[in-house]
Each structure stands twice: as structure tokens, then as C-alpha cells.
Amino acid sequence: MLAYTAGTSDVPMLGETIGANLDRTAARFPDREALVDVAAGRRWTYAEFNAAVDDLARGLLSRGITKGDRVGIWAPNCAEWVLVQYATAKIGAILVNINPAYRTHELGFVVKQAGLSLLISAVSFKTSDYRAMIAEIGFPAAIFLGSPEWDALPSDEGELPADLSFDDPINIQYTSGTTGFPKGATLSHHNILNNGFFVGELVNYTERDRICIPVPLYHCFGMVMGNLAATSHGACMVLPAPGFDPAATLAAVTSERCTSLYGVPTMFIAELGLERFDGYDLSTLRTGIMAGSPCPVEVMKRVVAEMNMAEVAICYGMTETSPVSTMTRADDSLTRRTGTVGRTMPHLESKVVDPGTGLVVGRGEPGELCTRGYSVMLGYWEQPDATAGAIDAARWMHTGDLATMDADGYVNIVGRIKDLVIRGGENVYPREVEEFLHTHPDIADVQVIGVPDAKYGEELMAWVVLRPGAGPLTAGQVREFCAGKLSHFKIPRYVHVVDGFPMTVTGKVRKVEMREQAVRLIAPGEGEEVGR
Ligand code: AMP
């Protein structure tokens, strides 16, 4: 049996624009809460939210913004981000998400590459002075949130356009994975509205759900799996804080009585590690989503058991596919809900291919995961060569992720193609070793990388974050723990105890940077313990 599956569903896809979908939801649930910005202490019902979106949309039109224009948003999570997302969609302007962590070089690149007509920006966030950086790159058309200009923008005059198509591009998200030059994944209404809708369907959202969204809005995890899943079901978007703050997140779950909580694995680990963890009332939680990077089984189990998230799902995907391609279902067994990334989403197709030959491999065999269907981006913005390198002639998106698919269609991500470690000719999938080390009682989090080695080509190194109060932990102890349980070539030679990993803002571990640091750490003469 070949590693190919097609996701079926009795629920048809949505054939409408994001604006039309929001109008329908607002008509169905006008008095239900749509959005809560906890840090700002502000809240909107669907009727209020849709009216505010329409006013902002008309304000943008009056600034001369029309269909197809690119409008940048550069801000941490806040209600205005969400308003801008829907207001641009209502007039067919293309929202360009700008990473809040960007500095002038990256900002300058994106502003130019996307050809922004307007940049809506926060004044500052953490150590970033956005106003100064925008001045430095000399971009003239910026509106700052909270400024008199921003406050004067909404307008109740003018007509919203009726000539929008759901296949129009509506969003550009710059992505470089964990390395490389940023490319602008260009997504249509159809791409992201349907993806958000089906994510919401699979966690059974209704107008009674309240979703705590601590993940960044500038990434699909926030604006699609959070916002669009919510607004396509009449559920409420709860923004706990501008940037990720574990205590503020759990406080928001408690005070807003959230039913669903999102996070990348490291966010859940931080929440579970809070000193006052037992002081939060998580009894209203029912579900949630963990995604964005490999989700360790042990962490999933703790989320189910200690955070009351019995129905928590794992999603797998990437920006270029809107993002979710596979997902666990509420009725999957606990083993499958914690140990796989689920099955192909409704109306999508998945296959696993041999990266060398391009042929579909058998079930259980590792290869590159590919996705096809409505979720595949229109392309990289004005980078046809990069697009052609990612999406093949048959419209399959090649993900660069290594996966296996079992007999029942459940997918397991075994790593990035680039992260595969080849030690003495043996392929080692770091994920497998990481999962095993997660079972060590002293280990809170772990990442495994390959480092250069004269004898074996590459050797394994584990970076370990200890649980509070645990340790010290030596390389010898780690190897002893693995002995007899893992093949010898999968046992890490080096162990590096750290407080955290180099991460992207979306919670992806930068293994490339870890490898660079590791090369310096294991300079000749160093022992097997490195760091602390
Ligand atoms: P991004 O485009 O920033 O969303 O990054 C997409 C990448 O994140 C994928 O290609 C995967 O390498 C990784 N990823 C996302 N979700 C998962 C998951 N559930 N398990 C493992 N890796 C994941």
C-alpha cells in the first residue's frame, strides 16, 4: 500500500470571501462575544466587531487603498491586528504580516519586496522602536496604532466593494522556515478561510467556544487557526497578551473561561512549569491545539491530564499550505492523538515520496511529505522560481519535512530533511531520540542535533533543559539512561545543559544556529559535557 491519502468530508468547502463569511457569522450571532483583548481591557460582540471592521475598511478606502494593494501590519498581538486583518479582507487589500521581531534590514526588504502602499504599525514593542525603524528605512506611508491619525481612520461613509473573488490573494506571509531568505507565501481568501474553518470543525467549535490565542497573529497559527477558525464558527478570540507570557495566558484562560488553548510545545512547557500552576482555574478548557514543531508525547499527555484539555489536537502544516495539512481528530485514540500528527485534513491530499526519485514510498517508510489541494498557496510573491521549486507541475507542495504514514493514514513527522543526522552511514531522525529523552524524569525539554565528527561524519548532541530542581545531569548519565533502549548509534555523545533553545518567534527551534554554536562548544579537547 502506498503512502497516499485523500481527506474526505460530508462538510463542503466554503465558497465565499472572508468578509462575506464574517457578515454571515455576525448576522447569526450578533450578541455573542467575538474578540477580547485582555491586556487592553477591551471587548467586542460580533455585531460590534463587524461594524468596527466595516468602518475601518471604509477608512482604508478613503485613504486610497483598493483591491490588490498591499497593506503591512507590524504589531504584536492586539485587537487592532485582528481589525486590520478583516478590514483589509473586506476591501480585497492584501495584508502583509510583518514579524514583530524584525529589524530594519528585514523590514526594508519586506516593505520593498511586497510593494507596500501602507504600513500600519505599533509604536514600539519590547526593545523595538518601530517608529524609529520605519523612519530609518525612510518609508513614508505609515499609520501608528493609537495615533490621532489611526483614531480618525474609521469612516461610515462609502461603499464596500462587491467585486471580490474568493480566489483573490488576500495575505502575504514571509517565511524562511528556520533558515534562508524570506519568501512571501501568498494566500487567497479560499486558502485561509477554508483552512481555519476545517480546523474549527475538527475541534468541534461552536458559538459557545472561547479560544485563548497566545500564539503570534502574524503567523497562520494565530490569524488562521485562531481567528478564522473562530469567526467562521461564531466563537470568541481571546488575546491574553501582546507577546507570549505563560502566566498571562493561564490567567486569561481563567478569567475569560476559555474552552480552548493554543500553543507551540515550548509554550505549553512554560505554562506547565509555572510556579503557581495549580492556582489557575483551567476547568473550562476542553480542547486546544499544539502545533508548529514536533509535539513531544510526554508534553501532550501532561496537557491532557493537568490542563483539562481532554480533546487537545495536534496540527501539522506550514505557512505555504494555509497552514494545516494533517490533524488529529477528537475521536482518535490517545496514543494517536499524542503520538502522531493525525490524518490528512478534509478535502486535501497527502503523500510521502522518496526525495531522490520522487516516487511514492510504502506505508511506514520515511520520505518527504507533500500536500495538495485548496490549501496550497497561490505562490511566493513575485518569486516564480522559488514557487516552481516548492510546488510541482501536479500542484503538490513539497514540504521539506520527513514523515512516515501508517496503514491507517496517520502521519508521523520524523524531522526536517535538513536536520536528518547521518552518523557513520546510519540515518538518525533526531525526533526519535528527542521523544525518548523526554521520558527522562529530569528532562523538561530536549533538542537533538548532528555535529561534525572526524570519525563518524556526524555525532549526536542533545541540548537539554532540566525540570525545576533537577540535575545536574551528565552525558554519562544520559547515555546510561539510553543504553539497551536505543541502538548505540542513536545515543547522544554530547550533552549540553541549557536554559532554553534559540527560537524563532513562532516557536521553531533554530537547529541551524544550535549547530553553529555546537561546533564552537565541541572544539578539540572539550569533553562530552559542554556548557554548564
Ligand atoms: P511555518 O511555515 O513557520 O508554519 O513552519 C512550518 C514547519 O513547522 C513545517 O514544515 C514543520 O517542519 C514544522 N511543523 C509544524 N507543525 C508541526 C508538527 N505538528 N510536528 C512537527 N513539525 C511541525
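Structure first, text after, so check above.
On a predicted model such as this, the values are computed, not experimentally measured, just so you know.

Basis of the calculations
- Residues numbered from 1 in each chain as written.
- Predicted model: local features only at pLDDT ≥ 70, side-chain atom pairs only at ≥ 80, totals over all residues.
- Heavy atoms only, no water.
- Pairing = 2+ DSSP bridges.
- Helix = DSSP H or I, 4+ residues; strand = E, 2+ residues; numbered from the N terminus.
- Contact = heavy atoms within 4.5 Å.
- Axes fitted to C-alpha atoms, helices over the stretch in contact; angles between N-to-C directions.
- Buried < 20%, exposed > 50% of the residue type's maximum accessible area, 1.4 Å probe, protein only.
- Parallel < 35°, antiparallel > 145°, perpendicular 65-115°, else oblique.
- Nonpolar A, V, L, I, M, F, W, Y, C, P; charged D, E, K, R; others polar.
- 1 Å grid on protein atoms, 1.4 Å probe; cavity = no way out; pocket = protein on both sides within 12 Å on 5 of 7 lines; lining within 4 Å.
- Points joined across faces, edges and corners; volume = space filled by probe spheres on them.
- Domains from an automatic or database assignment.
- Arc of directions from axis to C-beta.
- Salt bridge = Lys/Arg side-chain N within 4 Å of Asp/Glu carboxyl O.
- Phe/Tyr/Trp six-rings, centres within 6.5 Å; stacked < 30°, edge-to-face > 60°.
- Core = buried A, V, L, I, M, F, W, Y, C linked by side-chain atoms within 4.5 Å.

Q: When you look at the sheet that holds strand 10 (residues 169–175) in this model, what are you seeing that I'm missing?
A: The strands that make up a sheet pair up through hydrogen bonds in the backbone, lying either parallel or antiparallel. Pairing in this open sheet of seven strands is mixed, and the strands run 9-6-4-5-10-11-21 from one edge to the other. Two strands lie at the open edges of the sheet, namely strand 9 (142–144) and strand 21 (379–380), each paired on one side alone. Relative to strand 11 (residues 183–188), strand 10 runs antiparallel, the two being bridged by six bridges. The residue bridging Thr 175 from the neighbouring strand is Lys 183, located in strand 11. Packed onto the sheet, helix 5 (residues 130–137) meets strand 4 (70–74), strand 6 (116–121) and strand 9 and runs at close to 170° relative to strand 9.

Q: Any chance you could explain the pairing of strand 10 here in plain terms?
A: A regular strand places its side chains so that they alternate between the two faces of the sheet. Across the seven residues of strand 10, six count as buried, placing the element largely inside the fold. By the bridge criterion, three bridges tie strand 5 (residues 94–97) to strand 10 in an arrangement that is parallel. By the bridge assignment, Leu 95 is partnered in strand 10 with Asn 171.

Q: Which parts of the structure should I look at to understand the packing of helix 7 (residues 189–202) against helix 8 (residues 220–231)?
A: Describing two packed helices takes the angle between their axes plus the distance from one axis to the other. Contact geometry for helix 7 and helix 8: axes closest at 7 Å, N-to-C directions at 70°. Accordingly, the angle class assigned to the pair helix 7 and helix 8 is roughly perpendicular. Along its contact with helix 7, which presents Ile 192, Leu 193, Asn 195, Gly 196, Val 199 and Gly 200, the element helix 8 presents Met 223, Val 224, Met 225, Leu 228 and Ala 229. Looking at side-chain class alone, the contact of helix 7 with helix 8 contains eight nonpolar, three polar and no charged residues.

Q: What is the right way to look at empty space enclosed by the protein in this model?
A: This model, assessed by the stated rule, comprises one cavity of 30 Å³ or more. Here the largest cavity is characterised by a volume of approximately 40 Å³. Looking at the largest cavity, the residues that line it are Ile 18, Gln 85, Ala 89, Leu 95, Ile 170, Asn 171, Ile 192 and Met 223.

Q: What should I look at first to understand the layout of surface pockets in this one?
A: It is the rolling of a water-molecule-sized probe over the atoms that shows where space remains empty. Considering only enclosed or pocket space, the second largest pocket measures out at about 980 Å³ in volume. Lining the second largest pocket are 42 residues, with Phe 244, Thr 266, Met 267, Ala 270 and Met 503 positioned closest to its centre. Counting only elements with at least two residues in the lining of the second largest pocket, the list comes to helix 10 (265–272), helix 11 (297–306), strand 26 (443–453) and strand 27 (457–466). Considering every element that reaches the lining of the second largest pocket, the biggest residue donor is helix 10, with five residues. Its residues assigned to classes, the lining of the second largest pocket shows 24 nonpolar, ten polar and eight charged. A domain-level breakdown of the lining of the second largest pocket finds at least three residues from each of domain 1 (14–155 + 164–405) and domain 2 (420–522).

Q: What's the story with helix 15 (residues 475–482) in this structure? I'm lost.
A: Side chains that are three or four residues apart share a direction in an α-helix, a result of its 3.6 residues per turn. For helix 15, the set of buried residues is Ala 475, Val 478 and Cys 482. The buried residues of helix 15 occupy one face: seen down the axis, they fall within an arc of 65°. In the segment just after helix 15, Gly 484 is the residue with positive phi, at about 80°.

Q: Is there a simple way to explain the pattern of salt bridges in this structure?
A: Side chains bearing opposite charge may pair, as long as their charged atoms lie close to each other. Counted by the stated rule, this structure contains 29 salt bridges. With a shortest N-O distance of 3.9 Å, Glu 298 and Lys 301 are connected by a salt bridge. Placement of both Glu 298 and Lys 301 in helix 11 is noted, with a separation of three residues, approximately one turn of the helix. A salt bridge links Glu 349 to Arg 372, with the nearest nitrogen and oxygen atoms 2.7 Å apart. With a gap of 23 residues between them, Glu 349 in strand 19 (residues 348–353) and Arg 372 in strand 20 (residues 367–373) connect regions that are remote in the sequence. With a relative accessible area of 24%, Arg 372 lands in the partly exposed category. What emerges from the salt-bridge pattern is a single network uniting Glu 33, Arg 43, Arg 210 and Glu 256.

Q: I keep staring at the environment of Gly 138 and nothing clicks. Help me out?
A: Relative to the helices and strands, Gly 138 is located in the loop between helix 5 and strand 9. A residue is classified by how much of its surface remains accessible, and Gly 138, at 53% relative accessible area, is exposed. Separated by 115 residues in the primary sequence, Gly 138 and Val 253 have C-alpha atoms spaced 41 Å apart.

Q: What is the right way to look at the packing of aromatic side chains in this model?
A: The geometry of an aromatic ring pair is captured by the separation of the ring centres together with the interplanar angle, meaning the angle of the planes. Enumeration according to the criterion identifies seven aromatic pairs in this entry. Pairing Tyr 4 with Trp 396 gives two aromatic rings, centres 6.3 Å apart and planes at 80°, and the pair type is edge-to-face. In this pair, Tyr 4 sits in strand 1 (residues 4–6) while Trp 396 sits in the loop between helix 13 (384–390) and strand 22 (397–405), placing the two residues 392 residues apart along the sequence. Looking at Tyr 4, the relative accessible area reads 33%, which means it is partly exposed. Measuring from ring centre to ring centre gives 4.1 Å for Trp 74 and Tyr 130, while their planes differ by 35°; the resulting arrangement is tilted. Residue Trp 74 is found in strand 4, and its partner Tyr 130 is found in helix 5; the two are separated by 56 residues along the sequence.

Q: Quick question: what am I supposed to make of the nonpolar core here?
A: The nonpolar side chains of a soluble globular protein tend to be buried, and buried together. By size, the foremost hydrophobic cluster in this structure holds 104 residues, and its most contacted members are Phe 49, Ile 289 and Met 327. Looking at this core element by element, the count peaks at nine residues for helix 3 (residues 79–91). Those residues in contact with Ile 289 that lie beyond four places of it in its chain are Val 199, Val 203, Phe 221, Met 225, Leu 261, Tyr 262, Gly 263, Phe 268, Val 312, Ala 313, Cys 315 and Met 327. By size, the runner-up hydrophobic cluster in this structure holds 37 residues, among which are Val 36, Val 303, Val 341 and Val 361.

Q: Explanation requested: the sheet that holds strand 23 (residues 411–416) in the structure shown.
A: Overall, antiparallel pairing links the five strands, which are arranged 1-19-20-22-23 in an open sheet. For this open sheet the edge positions go to strand 1 and strand 23, each flanked by a neighbour on one side alone. Adjacent strand axes in the sheet meet at a mean angle of 35°, parallel and antiparallel pairs treated alike. Across six bridges, the pairing between strand 19 and strand 20 is antiparallel.

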